[in-house]
Amino acid sequence: MSSAGNFRLVEPYMELHRRVFEVASGLQASLDPYDTNPVSDGEWLSLDSSYNLARAADSHGTITVQSFPVLDLKGQYDVQASKRLTVAMGGFFEADTRICTTTSIVLGSPLVVADVSPDAGTNKGLILLPANGGGTAVVGWIVGYCTKAPADGWIRFARVDPQRVAIPAS
Amino acid sequence: MTPASVINNLFTQKVSSVDGREKLAAAGGTYIRDRLREVSFIDKIIPVQNVTPAECQVSVNHDTFVMIIEVEPQSRGMVLTFRGQPTARLIRAPRAEVPFFTISSEKYEKNEQELMAYRMAITKIIEDNSVKDLQEVKDREGLRHIESCVQALQKEANSGSYTALKASTYASTVKYSVIKGQSAQAAATDDFTIYPVLKPDFVELLNLIDSRRLKTDRILITEPDWNNIMSWTLSDLGDKMASEIVVDGYKYNTVLGKKYIRTIKTDILRRGNIYSFTEPEFFGVNYVLNNVKFFIDKKANWISFQSWMDVGMGFINVASCAKLELYSGSVTPTATDTGYAAAQPVAETALGAVNNRVDQGFKFPSISQF
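Here goes a summary of the coordinates provided. Everything numeric here is computed off the predicted structure, so don't read it as measured data. Residue positions are given per chain, counted from 1 along the sequence in the order it is written. Chains and ligands are labelled sequentially in the order written, the chains with letters from A and the ligands with numbers from 1. Two thresholds apply to this predicted model, a pLDDT of at least 70 for residue-level local features and 80 or more for giving and counting side-chain atom pairs, whereas whole-chain, interface and lining totals are computed over all residues. For the side-chain quantities, the full set of heavy atoms in the structure was used; hydrogens and water were omitted.

**With respect to the overall build of chain B**
Helix and strand counts for chain B come out as 9 helices and 13 strands. Each of the three principal axes of chain B carries a C-alpha extent, and together these read 90 × 55 × 40 Å. Evaluated residue by residue, chain B yields a buried proportion of 43% over its 370 residues. Methods summary: accessible areas were calculated by the Shrake-Rupley approach with a probe of 1.4 Å, and residue burial reflects only the protein chains presented. On chain B, roughly 20,700 Å² of surface is accessible, and the fraction owed to carbon and sulfur atoms is 53%. The way it works is that DSSP assigns letters per residue, a run of H or I at least four long becomes a helix, a run of E at least two long becomes a strand, and they are numbered from the N terminus. Note on exposure labels: buried denotes an accessible area under 20% of the residue type's maximum, exposed denotes more than 50%, and partly exposed covers the range between, all computed with a 1.4 Å probe on protein chains only.

**Points about the interface of chain A and chain B**
Interface size is commonly expressed as the accessible area that is lost once the parts come together. Only heavy atoms enter the contact rule, under which two residues are in contact if any of them lie within 4.5 Å. Taken residue by residue, the interface counts 13 residues in chain A and 15 residues in chain B. Between chain A and chain B the total buried area reaches about 1,100 Å² when both faces are included, carbon and sulfur atoms providing 55% of it. Contact with chain B buries area across many residues of chain A, yet Tyr-77, Ala-81 and Arg-84 of chain A alone supply 48% of it, more than any other trio. Throughout this description, the term salt bridge denotes a Lys or Arg side-chain nitrogen within 4 Å of a carboxyl oxygen of Asp or Glu. Taken together, the connections running from chain A to chain B amount to 3 salt bridges. Put simply, Glu-22 of chain A and Arg-144 of chain B hold a salt bridge, and the shortest N to O gap is 2.9 Å. Ranked by residue count, the leading element in the side of chain A that touches chain B is helix H1 (residues 77-82) of chain A, at 4 residues. Residues are grouped as follows: Ala, Val, Leu, Ile, Met, Phe, Trp, Tyr, Cys and Pro are nonpolar; Asp, Glu, Lys and Arg are charged; all remaining types, including Gly, are polar. The residue inventory of the side of chain A that touches chain B, partitioned by class, reads 4 nonpolar, 5 polar and 4 charged. Simply put, the buried area is the total loss of 1.4 Å probe accessible area from both parts when two parts are fitted together.

**Considering the sheet that holds strand S10 (residues 110-116) of chain A**
All names here are of chain A. Taken in spatial order, the 6 strands make up an open sheet running S1-S9-S13-S12-S10-S11, and their pairing is antiparallel. With one partner strand each, in any of the chains shown, strand S1 (7-9) and strand S11 (123-128) form the two edges of the open sheet. With direction set aside, neighbouring strand axes in the sheet form an average angle of 45°. Any two strands between which DSSP finds at least two bridges are classified as paired. Here S10 runs beside S11; their pairing, made up of 6 bridges, is antiparallel. Opposite Val-112, over in S11, you have Ile-127 as the bridge partner. The angle between two axes is taken between their N-to-C directions and runs from 0 to 180 degrees, where each axis is a line fitted to C-alpha atoms and a helix contributes only its stretch in contact.

**Concerning helix H6 (residues 199-210) of chain B**
Residues and elements named next belong to chain B. How far a helix is expected to stretch is found by multiplying one less than its residue total by 1.5 Å. The first and last C-alpha atoms of H6 sit 17 Å apart over 12 residues, in line with the 16 Å expected at 1.5 Å per residue. Among the residues of H6, Asp-201, Phe-202, Leu-205, Leu-206, Leu-208 and Ile-209 are the ones counted as buried. One face of H6 carries all of its buried residues, which in axial projection span an arc of 145°. Elements that come into contact with the buried residues of H6 comprise strand S6 (178-180), helix H5 (182-185), strand S7 (218-222), strand S9 (258-263), strand S10 (273-277) and strand S13 (321-325). What the arc measures is the spread of directions leading from the helix axis to the C-beta atoms.

**A closer look at the pattern of salt bridges**
Under the defined criterion, the tally for this structure stands at 27 salt bridges over all chains. Of the charged contacts in the structure, one is a salt bridge between Glu-348 of chain B and Arg-84 of chain A, with a shortest N-O distance of 2.8 Å. With one member in each of two chains, Glu-348 of chain B in the segment after S13 and Arg-84 of chain A in strand S8 (residues 84-90) form a pair that bridges those chains. You can call Glu-348 of chain B partly exposed: its relative accessible area is 33%.

**What about the pairing of strand S12 (residues 138-151) of chain A?**
Residue and element names in this part refer to chain A. Sheet topology places S10 next to S12; 2 bridges connect them, and they run antiparallel. Its bridge partner being in S12, Pro-110 is matched across the sheet by Tyr-145. Both S12 and strand S13 (residues 154-167) contribute to a ladder of 10 bridges, which runs antiparallel. Looking at the pairing, Trp-141 lines up with Arg-164 of S13.

As structure tokens, this is what we get:
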């Protein structure tokens, strides 16, 4: 049985600024679709100090570094062979995604990247910008805004240039 | 106008034509070359086969290809009494998938005004070089997989754990797919000083594969390491060969009865690493799904072009390759010694590093235009 994917572009694919990066060694096992926590299309990955893609740490409710959505489908053979992923690195686009937590998201909600669990395992996906850092002030990055209210676990969002935002401690 | 300038102008005009973009023939032009470019050495280890999408398998979950390769089934004989019967075996043969991926050049861009400033046929040069550039990337990917093959069996032989293979602990490490040269074994420190390859080193390398009901057929070696063979002593070479080498170099197609593949790509196959392989049918496959394609586009006064190819390689029988290291340090994954990067292929982004230092101002005599 096939899977429909977790990320659907509304914007023309050819207009995206796409870049291919090698995956960090610690994440390469997750390129296997049968891994307990596989990398998914629509998951947001960040560049590490070696210029490789990795899952950034979720710090007090959001990741604090820039991230980019993965465009490759889970289990693609070229990805598994090359240990590389394609991400949308820049430019405006609109897309539907289920790599998110839809809690409290409404039309116009600002979105940041944090740990989400649409399936078994934990991916880096979109959540509503937190009101506070749970006792610790953090810097987050708004990556988009909800353009269509959530339905069936999916949201539609417009990707914007990342906007730095200070999230208060409480 | 020189022919090269004509080419650049024609290139610009051709690219603007309604009939589309056609490749132009080179017509000369004087320029200084930076480095030699070489065809793929992976293609010499395993010859390339063209395949079509119809021969491949696709996934129900995405739109990428694999080729399913069947591997020889196990079988054996047995002794029976006259009244006995043989044990049964329900026939089964393993299969392996060979995935395909794309290798591409950079996307080259230039505006037509600046293109006119070049007297050499710069676009033709890049177009010609990009084919070899793609092959360099293919070699780098292939070599990384070959290294994974030898390290996988090393790990298996060392009780399932990556065990450093270095001079200081050489005796206690099982050497199944990787060995070190005699000089490296005797080194006082575990580092990446490269020692010349000796004749006994080659013999030990051949023995790795020949001990497995397989037969070494070819060796992959860098030019600098190869050149050290010409330093072998009279007792290694014999009187006739020694005198020949002084005049003509080593001019035979085999060494110790094995074919060899020499490469100048010392940024991919680093000095000090020598690999041996069986014949291709015992090792793996090397496919091309789409041969090199070249695309050119023009928007207003901007020209862009790139080339790419779709390939698949699978090293199915990991026992069909072995490695000789001419340095004392360890490159075993997770058990490396300091400086191990010197023995590994450079990063993909570092391929194509230039030799000339013109941009840094190193050219002689050096003058300032006034």
